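Each chain is listed here by its residues.
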Amino acid sequence: MENSSKNVPDDLDSTVLRHQVQRYFNELNQESGSPLNMEFLSMKRKPASSAVSSASLRTLDSFLPKKIRFDSSMTGENSFTGESSIFPKRNVAESYSQSLNKSAKVDVAAQYEQKLSEKQANILELQQKIIQTEMKLNNVVTAKDQLEHDMSNLKEKCKIKIKHYEDKIEDLNVEIKQLHLRNEHMSKENLLKKEAVEHLKLAFAEEKLSCSQELAESEQKIINLQLGYEEKIKELENNLENALLKASKYQMEAEEAKHQLKLKETVLSPSSSNHLQVVIEQQRQVILEMENALFAQRTTFSQSQEAKLARIPQLEKELLQLQETNQLYRETAANELLLKEKISALQESVQRYKEQCQAIPDLQGEMKKMASHLRDWESMANRLFDADSLSQVQTQTKSDLEDRVRKLERKLGVVQKDRDHYRTINEMYEGEMTRIGGPTAVSTEAKQIANLERLLEEYRGIVSTGSTSMTSANNETVVKLTQEKEQLTKELAELSQVIKTLKIQLELAESKGVAADTRVLHFTNNPLDNVRRKTLEQISKLEKENESLRERVRLMEAGHSQNLTLMVGDHFEQGCTPERLKELEEKLKSSEMMNQRVEEVFRKYCSEFRRGVFELFGYQVDSDDGKFTLRSVFSESNTDSLSFKYVGDGLMVMDTPYLHTLDDLVQLHINNQKSIPVFLSALTIELYSRQSINSSAYPSVMDTPS
Amino acid sequence: MATGSAQETQNFVTLKGSVELIVDFFNYSLNSILYQRGVFPEESFIPTQHYGLTMYMSKNPDIKKYTDEILPHLKQWLTEGKIKKLVLALCDVNSKEPLECWEFRIIPEETPTGEIKQQGTKPLKDIQQEIRNVLRQITACVTFLPLLDCVCSFDLQVHTTNDAGAEGWGDVQPISIQNAQEVQLRSFSTSIQNVHTFVSYKSV
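Residue positions are given per chain, counting from 1 as you read along its sequence in written order. Each chain gets a letter, beginning with A, and each ligand a number, beginning with 1, in the order they are written. Restriction of local features to residues with pLDDT of at least 70 applies here, the model being predicted, together with a cutoff of 80 or more for giving and counting side-chain atom pairs; totals for whole chains, interfaces and linings are based on all residues. The side-chain quantities take in all heavy atoms of the structure and omit both hydrogens and water.

### Regarding the overall build of chain B
Piece 1. Comment: elements are numbered from the N terminus, with helices defined as DSSP H or I runs of at least four residues and strands as E runs of at least two. The helix and strand inventory of chain B stands at 4 helices and 10 strands.
Piece 2. Any residue under 20% of the maximum accessible area for its type is buried, any over 50% is exposed, and the rest in between are partly exposed; the area is computed with a 1.4 Å probe on protein chains only. Expressed as a percentage of the 204 residues in chain B, the buried residues total 52%.
Piece 3. The Shrake-Rupley method, run with a 1.4 Å probe sphere, supplies the accessible areas, and residue values consider only the shown protein chains as cover. Only carbon and sulfur atoms are counted for the fraction: they give 50% of the accessible area of chain B, which is about 9,700 Å².

As structure tokens, this is what we get:
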């Protein structure tokens, strides 16, 4: 492919090359006049490779006389094609001819010949090169063909292989599917077999149960049979005894009959002997028959009994066997119980032994410890009781004490040295002091020392006060700061709460869709409200109509047939509509409630007032339509009452039986003094004095016996 | 409605023209919604041609009177830039419950100074095309909006700035629908103001 694509440019390049060479030679022929070897152009040649052609082009260019290039630059054409190269050649040739024509033609010819030869050489070289390149091209093409061939072969092989592999893959897939199917089958079979096994197990268990049940049943049957046989045996024995008894009875009867016969024979022999004989013979026959019957019975009975008796040993054997088996069972049961008890006992003992075994290592450890202790003690004891050891101990203690003593002595020496040292220093200082100055120096120094000490104390004091003040100041600032901090935290908390509430409000407002700076307007005369209003009006109108119609119907039913509209109007004016009724009822209820309340309050007030009056003035006042009856608290009997009444403007005392008893008081206070309160109070005092045992504070006015 | 054509001679709209366009659009969309949602009987609507579409306008005198009264106010407030939102609420007459809510949010184009633009930069044809699309979409909304099978009426609520007000207008609580589903329809822009259309309905 690549080669084919290259072929086109190769062809082009080769044709171009050919054309260029042709032109070149044509020019040369024209100028030189000698025929050149153009044979190579007529040869058919295969296309050359582009690289070769380009290389040849380049070589052509390079082999062209350098003057041409120079001239091309002169002429201003710098193209790479052969055409342009040829034109400058012409120019060169022309220039050459023109310039050197007159002067040295021979030189020109020689030069031309030289050039020709050179060019011929060049051409030959080029021919060779062309041939070489063509050879190479051929080789390359053949190689290419071969490669193509190989490629195609390889492709085919690959395709075959691919097909082969694909077939293999398909086969394998098929196998896989088959294996899957087999696997599924096997699994299914497995499941089925498992189920069958389980079924068999179940069946086996059931059979086992049934067998055990049958065994139990058979055992029970055996026991029952045993019992049955025993019962039968007893019955048979009874029957036998009965039969024997019967036989004996019959025998006895037979003998008795014989005896009777004999007696009868002896007694009645002479007379009616024939009759008697006949009778006797009859009786004898009867007896014989009876004896035969008896004999037959006995034989049958004995036969049956024999058969039964023959069976008895078998039954006895069976009985023995069954008894043995029963005993075995009982023993085994007993053995089992025994064994179980033994097992439990053994288990308990095993547990105990295990515990003991577990405790063994601990005990061993303790034992070892004890042994070691014991050894120690023994050694100690040995040491103690050994004289040598005692002395050793003593020496040891002594040595220890001596060491200590030495150490202490050393310390003492050291301390003494220090003391001496300090003493000497002290003495030195003292000496210096005395040497340096007299008491003045000492005094100045002492003064300095005293000053310094004072300063020191002052500073100390300042420092302490400063520290205290600092601390106090610090404390104060600290307290202030803490207070400020608390305030600020409170404010912060409040503000944060406010922020929260505001945020919530904002969210609410936003959720409602209205921001704070928005106003929502609507036209008041809008259709929605109008429609609503209209519907409400309609509804109320309809209701009114409804009411009027109802009233009309009621009136009509009641019998009024004229002036219905007027009556309906009246009805409504009266306001007997149910609504009005309801309103009135409600009003009534409320007013009744009010009345009741007022009554209650009045009653309460009245009773309290009367009670107060009674307790303050000592008279129970009852009023009855303007008539007052008074009963004193100190009165001797309940019936004693005074009565007053309004006559005209004033209050008059009325006549009561009790009043007659108080004539003197009445005389004095009412008739003379014309004062009822005084009378009443005098009466109260009088009654009180009468009541009280001690003499009253206010002596009674009247000493009248009551 | 035809006053907007006075501006059509120029290629671009002014603020006044934008306001006219928006109010016209609102009028037609209001009538269209009332027709489509069956708020009023179909016989009370007459088809008219506008925006190249067949728009149904109500011949109910009440509605006409109402629109004639409110539209001038809306124009004035829009020119002043006081309107934030126009809300058309469809409510049940008996239960006073809002069933559907059509919102037209008006957002003015941002200017460096913050004031309303006076001159637009969008050709009229484009604006009208956009309006047409929105109106078509409103008509198409019928497919998914729930049926209003009770007697309904409508109310118009205007969300304005705090300084807006006029005679005959009162404050009212903004309507809110329970369990609302909101659908955003197309928007159109006159290059001076943007109009976004939303519909909220009660989702059952």
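Picking up where we left off.
### Regarding the UniProt feature "coiled-coil region" (unreviewed entry) in chain A
Residue and element names in this part refer to chain A.
Piece 1. Following the UniProt record, one finds the feature "coiled-coil region" (unreviewed entry) at residues 109-189, 226-260, 312-356, 391-418 and 478-601.
Piece 2. Annotation note: span residues 226-260, helix share 100%, strand share 0%, distance between end C-alpha atoms 50 Å.
Piece 3. Along residues 391-418 the backbone is 100% helical and 0% strand, and the end-to-end C-alpha distance reaches 40 Å. UniProt positions are given in the numbering used here, feature names are shortened, and annotations may be inferred rather than shown by experiment.

### Notes on a negative patch on the surface
Piece 1. Together, E166, D167, E170, D171 and E175 of chain A line one region of the surface with negative charge.
Piece 2. Within the secondary structure, E166 of chain A is located in helix α6 (residues 105-267). Note that patches include only residues with greater than 30% relative accessible area and no salt bridge, and the join distances are 9 Å for like charges and 5 Å for nonpolar side chains (Val, Leu, Ile, Met, Phe, Trp, Tyr). Basic side-chain nitrogens of Lys or Arg form a salt bridge, by our definition, when they fall within 4 Å of a carboxyl oxygen of Asp or Glu. Under the convention used here, Asp and Glu are negative, Lys and Arg are positive, and both His and the chain ends fall outside the count. All charge positions are set by atom: Lys at NZ, Arg at CZ, Asp at CG, Glu at CD.

### So, the sheet that holds strand β9 (residues 180-189) of chain B
Piece 1. If you walk across this open sheet you meet the 7 strands as β8(B)-β1(A)-β7(B)-β4(B)-β5(B)-β10(B)-β9(B), and the pairing is antiparallel. Of all strands in the sheet, those bounded by a partner on one side alone are β8 (169-171) and β9 of chain B. Across this sheet, the average inter-strand angle for adjacent strands is 25°, counted without regard to direction.
Piece 2. Two strands qualify as a pair provided that DSSP identifies no fewer than 2 bridges between them. As defined by bridge partners, strand β4 (residues 83-92) of chain B adjoins strand β7 (residues 152-161) of chain B across 9 bridges and the pair is classed as antiparallel. Each bridged residue has a counterpart across the sheet, and for L88 of chain B the counterpart in β7 of chain B is L156 of chain B.
Piece 3. Any pair of residues with heavy atoms lying within 4.5 Å of one another is described as a contacting pair. All axes here are fitted lines through C-alpha atoms, helices being fitted over the stretch that makes contact, and every angle between N-to-C directions spans 0 to 180 degrees. Taken strand by strand, helix α3 (residues 61-80) of chain B contacts β1 (518-523) of chain A together with β4, β5 (98-108), β7, β8 and β10 (193-202) of chain B, and its axis lies near 15° from that of β7 of chain B.
Piece 4. The strands that helix α4 (residues 124-140) of chain B touches are β5, β9 and β10 of chain B; relative to β9 of chain B, the one it contacts most, it runs at about 160°.

### Thoughts on the sheet that holds strand β5 (residues 650-654) of chain A
The strands that make up a sheet are held in pairs by hydrogen bonds between backbone atoms, and each pair lies either parallel or antiparallel.
Residues and elements named next belong to chain A.
Piece 1. Across the sheet, which stays open at both edges, the 4 strands sit in the order β2-β3-β4-β5 with antiparallel pairing between neighbours. This sheet does not close on itself; its edge strands, each paired only once, are β2 (619-624) and β5. If you compare each strand with its neighbour and ignore which way they point, the axes differ by 25° on average.
Piece 2. Judged from the 6 bridges that link them, β2 and strand β3 (residues 627-632) form a sheet pairing that is antiparallel. Each residue of the ladder has a partner; that of Q620, found in β3, is R631.

### Some thoughts on the pattern of salt bridges
Piece 1. The final tally for this structure, using the stated rule, is 23 salt bridges over all chains.
Piece 2. Note that E551 of chain A and R554 of chain A form a salt bridge whose closest N and O atoms lie 2.6 Å from each other. Remark: R554 of chain A and E551 of chain A occur in helix α10 (residues 527-558); sequence separation between them is 3 residues, near one turn of the helix.
Piece 3. By relative accessible area, R554 of chain A is classed as partly exposed at 45%.
Piece 4. The shortest N-O distance in the salt bridge between D622 of chain A and R631 of chain A comes to 2.7 Å.
Piece 5. A relative accessible area of 30% places R631 of chain A in the partly exposed class.
Piece 6. Each of the salt bridges in this network shares a partner with another, and the network as a whole consists of K85, E103, R105 and E182 of chain B.

### Details of the nonpolar core
Piece 1. Counting residues in each nonpolar core, the largest one holds 58 residues, and the members touching the most others are F25, L34, L74, W102 and F154 of chain B.
Piece 2. Not counting residues within four places of it along the chain, the set of residues in contact with W102 of chain B comprises I33, R37, L86, V87, L88, L90, I138, C141, L145, L185, F198 and V199 of chain B. As used here, the term nonpolar core means buried Ala, Val, Leu, Ile, Met, Phe, Trp, Tyr and Cys residues forming a set that is joined through side-chain atoms within 4.5 Å.

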